[in-house]
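Tertiary structure, described
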Amino acid sequence: AQKVTQAQTEISVVEKEDVTLDCVYETRDTTYYLFWYKQPPSGELVFLIRRNSFDEQNEISGRYSWNFQKSTSSFNFTITASQVVDSAVYFCALSEDGMNRDDKIIFGKGTRLHILP
Amino acid sequence: GAGVSQTPSNKVTEKGKYVELRCDPISGHTALYWYRQSLGQGPEFLIYFQGTGAADDSGLPNDRFFAVRPEGSVSTLKIQRTERGDSAVYLCASSLQAGELFFGEGSRLTVL
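First things first, this report covers the structure right here in the doc.

Following B:Thr7, the chain continues into B:Pro8 via a peptide bond in cis, with omega recorded as -10°. Looking at where B:Pro8 falls in the secondary structure, it is placed in the loop between β1 (5-7) and β2 (10-13). Unlike most non-glycine residues, A:Ala81 shows phi in positive territory, near 50°. Tracing the backbone shows A:Ala81 in the loop between β9 (74-79) and β10 (88-96). One non-glycine residue, B:Arg81, lies in the positive phi region at around 45°. Assignment of secondary structure puts B:Arg81 in the loop between β8 (75-79) and β9 (88-95). Given the relative accessible area of 45%, B:Arg81 is considered partly exposed.

Okay, structure coming up:
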């Protein structure tokens with residue numbers, strides 16, 4: 001069965017600090033997708049990234065970067081030079097066998113990130 | 001707007017009543033998902049549709065919950081004999097490519 005664990009319930013950092021959100025997943029499939037979503041205080045979940053299980057290359061998008069390591073079943077998310085607007089709940093998610101079609105997506109419990117001015 | 005629309009945004013009902021929650025996905029999105037989210041928790045998968053058919057309904061908690069998508073667009077989540085434990089935010093999302101879900105603002109259900 002698939003499972004996503006976000007061990008950090010809540011993190012607070014001062015603005016401009018770097019912060020890493022951890023995500024560990026479990027799956028029996030060799031083909032799967034991993035995701036990160038952001039839920040700001042307004043409540044609407046926003047897609048950030050999708051990574052398939054065959055692509056372990058790390059990705060950077062502006063101040064955001066993602067580190068995918070199959071050896072440790074982890075897909076961690078780092079925000080550099082954090083800003084107050086980054087304050088939100090961040091969810092890691094997993095979809096099995098979702099290479100070319102949609103499949104159910106299982107979410108972790110989320111990490112609430114507070115960026116203090 | 002062009003996003004996922006959910007109605008009602010808030011619903012307060014009494015225990016034992018029947019409730020319908022509606023989701024209008026982004027036009028052209030073939031996949032539609034229902035999740036529910038309790039306070040401080042992640043979205044919990046309920047059901048997803050590919051077109052008109054339920055591709056996976058393994059997350060529906062019991063037979064009081066049912067969802068339809070008769071024409072492959074709008075979907076309705078139906079909850080019979082509501083219980084206090086059904087109180088949550090019910091989220092709908094639609095998708096065109098695997099995993100990139102576009103979520104609505106949710107329907108907050110409160111069962112008294």
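On we go from here.
Here the structure, examined in full by the defined rule, presents two disulfides over all chains. Disulfide partner of A:Cys23: A:Cys92, at an S-S distance of 2.0 Å. Handedness of the A:Cys23-A:Cys92 disulfide follows from its S-S torsion of about -65°: it is left-handed. A residue pair is termed long-range when its members are at least 10 positions apart, and A:Cys23 in the loop between β3 (19-21) and β4 (24-26) and A:Cys92 in strand β10 qualify at 69 residues. With respect to burial, A:Cys23 and A:Cys92 carry one shared label: buried. Each disulfide pairs two cysteine sulfurs, and for B:Cys23 the partner residue is B:Cys92, the sulfurs being separated by 1.8 Å. Note on the B:Cys23 and B:Cys92 pair: the S-S dihedral is about -70°, so by sign convention the disulfide is left-handed. Separated by 69 residues along the polypeptide, B:Cys23 in strand β3 (residues 19-24) and B:Cys92 in strand β9 bring together distant segments of the chain. Judged by relative accessible area, B:Cys23 falls into the buried class, the value being 0%.

Moving on to the environment of B:Glu20. Residues and elements named next belong to chain B. When you line up the elements, Glu-20 lands in strand β3. For Glu-20, a relative accessible area of 42% translates into the label partly exposed. Placed 57 residues apart in sequence, Glu-20 and Leu-77 show a C-alpha to C-alpha distance of 5.7 Å. Every residue in contact with Glu-20, bar those within four places of it in the chain, is listed here: Pro-8, Thr-76, Leu-77 and Lys-78. In terms of polar contacts, Glu-20 uses its side chain to reach the side chain of Tyr-18, at 2.6 Å.

Criteria and cut-off values
Residues numbered from 1 in each chain as written. Chains lettered and ligands numbered in written order. Predicted model: local features only at pLDDT ≥ 70, side-chain atom pairs only at ≥ 80, totals over all residues. Heavy atoms only, no water. Helix = DSSP H or I, 4+ residues; strand = E, 2+ residues; numbered from the N terminus. Buried < 20%, exposed > 50% of the residue type's maximum accessible area, 1.4 Å probe, protein only. Disulfide = S-S within 2.5 Å. Contact = heavy atoms within 4.5 Å. Polar contact = N/O pair within 3.5 Å; in protein donor to acceptor, adjacent residues only side chain to side chain.

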